[in-house]
Amino acid sequence: TTTTTTTTTTTMKSDPSYTKGTIASTTTRRPTDTTTISLASTNSISRGSGGNNTTNTGTSASYATSTNIWAKLLGGNESVWDGLDGRDDVYDDHNDDHDDLISTKSRYENEGICGTAPLKICVMGTWYETRHFFQTLGKHPVIIVVSLAVFGLVCGLGMWAVESEREAFVKDRMDTAKFVARETAEYFANEFRRSMVPLYALREAIQYSKNFDALPSLIGNYPSNLQAENVAILGGDMTQRNITGVCDQPQVLADWKSMVTKISDEHDLNGLIFRYRLWPKNVACLEFKGGEAMMDSGMDASYSPHPFWSQVVIDIQVDRWNGLHVFGPFEAKLPSGVADVFCTHIPLWTSTTGENAFKDVVKVQGTDVQNVWGFTMLYLNWSAMKERSNMYERFENVNMEFELFREEEPRLGDVGPKGLPTKEMTKLAWSEQADKLNEGNSVEVKTESLHGIWINRVGVVGDNGWNPEWWPTAVASVVVASFILMVLTAMTMVKSYLHKDLVNRMLPKQAIRKLQRGQTVVEKYNIVTVFFADIVGYTGAAGSMRPAQVMKMLNELYTELDKLAEKHQVYKVETVGNQYMVVAGAPERVTGRVGAQRVALFALDAINFVSKYQTKEGDKILIRAGMASGPTVAGVVGQAMPRYCFFGETVDFASKMESTSKKMKIQVSEMTYRLLLDCVNLQFVMTKRMEGGIAGVEIKGKGQQLTFWIEKASPCEKCFELATGSFALVPCGHIMCADCNEKYKMLPCPTCRCKVDDRVEWRGKPTKIVDESVEVEHAPVFDEEAGLTSETML
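Residues numbered from 1 in each chain as written. Predicted model: local features only at pLDDT ≥ 70, side-chain atom pairs only at ≥ 80, totals over all residues. Heavy atoms only, no water.

A few points about helix α6 (residues 141-209)
Along an α-helix, a turn takes 3.6 residues, which lines up residues three or four apart on a common side. Its 69 residues place the ends of α6 99 Å apart at the C-alpha level, agreeing with the 102 Å of an ideal helix rising 1.5 Å per residue. Once α6 finishes, Lys-210 follows within two positions and takes phi at roughly 70 degrees, a positive value. (Helix = DSSP H or I, 4+ residues; strand = E, 2+ residues; numbered from the N terminus. Expected span 1.5 Å × (residues − 1).)

Pasting the structure below:
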């Protein structure tokens, strides 16, 4: 390996993008015994009207050694290409992620290595594909819009379907709940009503049988037969009357038993009514339970301070209660255990009229009430009724909870007959989780009963409420399915757009349409400007580089030229080896002047870019370019691997313009020269080519042809001078006069079509930019207060 350092001093004047300075480069090269390589990094280029002026302060970088680098790799005298066979490292370039991925994968597959390396390859491949996918999304926002639209449409339709099913399910479930609630409440109301019939029958039997007419007079009014006062019982105190010899008479007990048994058997309540009581003069006289008649406690409800019993007689006798007086449910001890029971009271009145009616008066809790015979009552086993209804099983079968309660609160004070709080007695029946029911997860059905208005609240407890159990899963499934379809749509569109972009980069749109229809693609163009360029000394330089390095260098160079071609709206035709070809005026038809102007500006931009371009190894590249204008024919030849090609004398002439051109120069034909002179918005500086005092150049098959060099371009003649009021464009550095600056104030640079970030006004002395080979009389200095000098700007 040989290292050579060359110092070059160059003065550049004609282009504002150049500045005076000294360039030092250090270049490392692989020696070769067959090729001499000329390096542009040791040269400085200045373009003038007389041709290519190159000044070297050192020796041209040429290397020749007696050792072949390939012989070192091969270890013998075999042919270079024989030695390259089977050596991946000769072609591999591991600086690129994707190439590294492919070469690494190939190397591990060949060597059969397993473990973390294949995993790394998989991760790298996934990362590369994901990055490429999102890059394509960024280039084509329509993919994102369409994918989101698909997601929204599918998700919307799915949600609509799920919501429709959910609403139907909820409606059906609520209808079921209302039906079961109404049916259950009506069942209890009917059963409750049926169980009260014996009480009506008992009242009628007592009044019309005459068996117990003597009991009120035998007991007498208070304080007759008073036994004790303020006797403590459950829930309060009572006043007790002595009823011995009155209520325990055998005939009275027999008549009582006979009457109750007959009524109970006739209505067949199967033990739901487990106790009857008779209160003549409001004194507990007779009771029937367990199939036996017996004397009661003798409690006088009219004079007892017990809160429950005092309220009962006030309700049914003083306030004349309309209908049955029902209270409960409350707990009571039965032979079978503790059960919830109802007690129901109905008043009995005498038929005394006239003057005797005023004599038959009973003082009820301090109030005189006429015609009071007393009252009778029964006890209903509410627990047994609930058990027989199978209500718990019914609600369990439909997976619902319920709560049956009375709308009105009891009016019998704070406690019931057993001293229990009366507010708790509003609840008639409930399931285990009835406390979790609320307005959001339940419905209420009201039913009239002898006990007042009954409300049956039925609902579904849980996180979903009325909603079906599958609803959250269905919603999640719709979202996931919509997302998957969105991703699949995006992937399909990405693939489609990648294919479309690739085809559009290869062929014009009109050619694609014809090929898709099976038509022949042949088009004639009256005036087209053709551009050719190739790398000077490419054969020698490529011989010392690995093929992968050559490919990478050309790819980097021509990728930038592709960007310039797109910026200047010229059509890239092809790249053959190191030759680069573009046209204007086809396939997009424009006038000859416009096409020539586009290609000329592209050529100047390309030369400017190449002059600053360096490879990663520090090498500079030199190109030569040529242009010609005239008629051409374009089309696609054959069917396999279609390419849009140009044919005709103009193409051949442009190729000769390139091959006879010089380094970093643009040679144009006379036709192109005349088209550029006719351009309206731009002024081109062009000089006639002179060789040995003869104008033009010898072209094989055409003889001596008049040709020209393109030097530079500006919007007008004034833009070639630095005058007070001129503007320097940042970052391209082109100069514009005040008039052109105002004209293109909101537009890109008209010369290179670059975006203008800033415009710096010239405040120095007027300076004419002359031929690059001539020194500028005085170095222009920009306004230092603006932070910009001639060197920093240029």
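The rest of the description comes next.
Focus on the pattern of salt bridges
In the structure shown here, the tally under the stated rule is 27 salt bridges. Residue Glu-292 is joined to Lys-257 by a salt bridge in which the shortest nitrogen-to-oxygen separation is 3.8 Å. Taken together, the residues span a long stretch of sequence, with Glu-292 in strand β9 (residues 292-295) and Lys-257 in helix α8 (residues 250-267) at a distance of 35 residues. Using a relative accessible area of 43% as the deciding quantity, one classes Glu-292 as partly exposed. Across the pair Glu-287 and Arg-275 runs a salt bridge whose closest N-O atoms are separated by 2.8 Å. Note that Glu-287 is positioned in strand β8 (residues 286-289) and Arg-275 in strand β7 (residues 273-280), a separation of 12 residues in sequence. (Salt bridge = Lys/Arg side-chain N within 4 Å of Asp/Glu carboxyl O. Buried < 20%, exposed > 50% of the residue type's maximum accessible area, 1.4 Å probe, protein only.)

A few points about the packing of α6 against α8
Relative orientation of the contacting elements α6 and α8 amounts to 145 degrees, with a least axis distance of 10 Å. In terms of crossing hand, the pair formed by α6 and α8 is right-handed. Here α6 contributes Arg-194, Val-197, Pro-198, Ala-201, Leu-202, Ala-205, Ile-206 and Ser-209 to the contact with α8, which in turn contributes Trp-256, Met-259, Val-260, Ile-263 and His-267. Its residues assigned to classes, the contact of α6 with α8 shows 10 nonpolar, 2 polar and 1 charged. (Axes fitted to C-alpha atoms, helices over the stretch in contact; angles between N-to-C directions. Left-handed = near helix turned anticlockwise from the far one by under 90°. Contact = heavy atoms within 4.5 Å. Nonpolar A, V, L, I, M, F, W, Y, C, P; charged D, E, K, R; others polar.)

A word on the state of the cysteines
One way to say it: the disulfide is the covalent bond shared by the sulfur atoms of two cysteines. With the rule as written, the count across this model stands at 1 disulfide. Residue pairing for Cys-247: its cysteine sulfur links by disulfide to Cys-285, the two sulfurs lying 1.7 Å apart. Judged by the sign of its S-S torsion, about -120 degrees, the bond between Cys-247 and Cys-285 is left-handed. Of the two residues, Cys-247 is situated in the loop between β6 (236-241) and α8 and Cys-285 in the loop between β7 and β8; the sequence distance between them amounts to 38 residues. Take Cys-247: its relative accessible area is 0%, and that puts it in the buried class. (Disulfide = S-S within 2.5 Å.)

Some details on the nonpolar core
Inside soluble globular proteins, nonpolar side chains tend to come together where they are buried. If you look at the biggest cluster of nonpolar residues, it comprises 56 residues, and the most contacted ones within it are Ile-206, Phe-212, Trp-256, Leu-278, Leu-286 and Trp-382. For this core, the element with the most residues is α6, which contributes 10 residues. Residues Val-570, Val-610, Ile-621 and Met-627 belong to the second largest nonpolar core, which totals 46 residues. (Core = buried A, V, L, I, M, F, W, Y, C linked by side-chain atoms within 4.5 Å.)

Focus: the side chain of Asp-255
You can see Asp-255 is positioned in helix α8. Notably, Asp-255 is buried but unbridged: the nearest opposite-charge side chain belongs to Lys-262, and the N-O separation is 12 Å. Beyond its immediate chain neighbours, meaning those up to four positions away, Asp-255 contacts Asn-211 and Phe-212. (Lys, Arg positive; Asp, Glu negative; His and termini not counted.)

A few points about empty space enclosed by the protein
Under the definition given, this model contains 3 cavities of 30 Å³ or more. For the largest cavity, the full set of lining residues is Ala-533, Asp-534, Ile-535, Leu-557, Tyr-558, Leu-561, Asn-578, Tyr-580 and Ile-623. Elements that contribute at least two residues to the lining of the largest cavity include exactly β19 (522-535) and α16 (547-567). A class-by-class count of the residues in the lining of the largest cavity yields 7 nonpolar, 1 polar and 1 charged. (1 Å grid on protein atoms, 1.4 Å probe; cavity = no way out; pocket = protein on both sides within 12 Å on 5 of 7 lines; lining within 4 Å. Points joined across faces, edges and corners; volume = space filled by probe spheres on them.)

So far we have only geometry, and geometry alone does not tell us how the molecule works.
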